[in-house]
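# Structural features, examined
The primary structure of each chain is shown beneath.
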Amino acid sequence: MTTSKNILFIIDPQNDFHPGGSLAVPGSNEDSSRIAELIRNNASKIDEIYVSLDSHHRIHIAHSVFWTNDSGEHPNPFTLITHEDVLSGLWKPVDSTLLEYVQAYTWCLEEKGRFVVCIWPEHCLIGTPGHAVVPVLNDALQEWVKTQMKTIQYIHKGMNCLTEMYSALAAEVPVMDDASTHLNQDLIEKLHTADTLLICGEAKSHCVNYTMRDLADHWNKDMSALVLLSNCTSAVPGFEEAAERFEADMEALGCRILQHDTVVL
């Protein structure tokens, strides 16, 4: 009898992206509750679970403390810092030895065409409560571990302070001497063993978006194996259009867009 392999890939289901967190995504509590329900209802049919964790140091290129202006002020959250802003001196790194690096970094980032530097509220700092998996989902994950006698595979992303890492597969601008910022071929190979790969988490506009896009770019099997659980992920406020475009793009590629309670494993 032929059996199929089902993998669940949950992107950044952490406290800081839920209500009360520093970068709360509206709808995230409901998303995580639905993912927990999916796990409990399909525990024996889910063969592997991968969970990515946004993992930052306080000093980070997308955090305010990294940058300053001539008045000694730090940029406010959600400030966009362009390559031109860096060249003009509007914003510069507090560590002046990094000036040449950030000039090159902002150029490379904008050349890629996905982002300019966005200053986010400090979030998912390693060692803080905001870094932990939200309890409603963590409870279901730990139950799955106990009943299935399997471990969850955790992927830490974003620990390099000199680059942004929205995708769980690669940094936006890989750092030459840090392998963790380059395309994670090992993870791609492991995910490729799935006949059905369910993708969900936070946020639909950013980390779910670009993880799935990168995965689709390197997927050499039937695209219908990639399944976005559209009611288990939500957009960062102000970026709803990016989330809608992402979902439409994935559907156009042949990926499936499902609700958590319509999945049949």
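This text gives an overview of the structure that appears in the document. (Residues numbered from 1 in each chain as written. Predicted model: local features only at pLDDT ≥ 70, side-chain atom pairs only at ≥ 80, totals over all residues. Heavy atoms only, no water.)

Okay, the nonpolar core next. If you look at the biggest cluster of nonpolar residues, it comprises 51 residues, and the most contacted ones within it are Phe 9, Trp 67, Leu 197, Ile 199 and Leu 226. Of all the elements in the fold, those that place two or more residues in this core are β1 (6-11), α3 (99-112), β6 (117-118), α5 (185-191), β8 (196-201), α6 (207-217), β9 (226-229) and α7 (240-253). Of the residues forming this core, the biggest block, six residues, is contributed by α6. Discounting residues that sit within four places of it in the chain, Phe 9 has contacts with Tyr 50, Ser 52, Ile 155, Ala 168, Leu 187, Leu 191, Leu 197, Leu 198, Ile 199, Cys 200 and Thr 211. Ile 35, Val 134, Leu 141 and Trp 144 belong to the second largest nonpolar core, which has 24 residues in total. (Core = buried A, V, L, I, M, F, W, Y, C linked by side-chain atoms within 4.5 Å. Buried < 20%, exposed > 50% of the residue type's maximum accessible area, 1.4 Å probe, protein only. Helix = DSSP H or I, 4+ residues; strand = E, 2+ residues; numbered from the N terminus. Contact = heavy atoms within 4.5 Å.)

Take the environment of Asp 177 next. Positionally, Asp 177 belongs in the loop between β7 (153-157) and α5. Separated by 124 residues in the primary sequence, Asp 177 and Leu 53 place their C-alpha atoms 22 Å from one another.

The next thing to look at is the packing of aromatic side chains. Per the stated rule, a full pass over the model turns up seven aromatic pairs. Judged by centre distance (5.9 Å) and plane angle (25°), the rings of Tyr 101 and Tyr 105 are stacked. With Tyr 101 and Tyr 105 both in helix α3 and four residues apart, this pair spans about one turn of that helix. Judged by relative accessible area, which is 26%, Tyr 101 ranks as partly exposed. Its relative accessible area of 2% is what places Tyr 105 among the buried residues. (Phe/Tyr/Trp six-rings, centres within 6.5 Å; stacked < 30°, edge-to-face > 60°.)

Turning to the pattern of salt bridges, a few remarks are in order. Using the criterion set out here, one finds 14 salt bridges in the structure. Residue Arg 34 is joined to Asp 31 by a salt bridge in which the shortest nitrogen-to-oxygen separation is 3.6 Å. Of this pair, Arg 34 and Asp 31 are both found in helix α1 (residues 28-41), three residues apart, which corresponds to roughly one turn of the helix. Judged by its relative accessible area of 2%, Asp 31 is buried. One salt-bridge network, held together by shared partners, links Lys 112, Arg 114, Glu 172 and Asp 214. (Salt bridge = Lys/Arg side-chain N within 4 Å of Asp/Glu carboxyl O.)

With that out of the way, let us pick up the sheet that holds strand β10 (residues 256-258). The strand order β7-β2-β1-β8-β9-β10 describes an open sheet built from six strands, whose pairing is parallel. Because the sheet does not close on itself, it has two edges, and the strands there are β7 and β10. Geometrically, the sheet is characterised by an average inter-axis angle of 20° between neighbouring strands, direction not taken into account. As judged from the three bridges shared by β8 and β9, these two strands associate in the parallel manner. Bridged to Leu 197 within β9 is Leu 226. (Pairing = 2+ DSSP bridges. Axes fitted to C-alpha atoms, helices over the stretch in contact; angles between N-to-C directions.)

Let's shift gears to the side chain of Thr 106. For Thr 106, the location among the structural elements is in helix α3. Side chain to side chain, Thr 106 and His 83 meet in a polar contact 3.0 Å long. Aside from chain neighbours lying at most four places away, what touches Thr 106 is His 83, Val 86 and Val 117. (Polar contact = N/O pair within 3.5 Å; in protein donor to acceptor, adjacent residues only side chain to side chain.)

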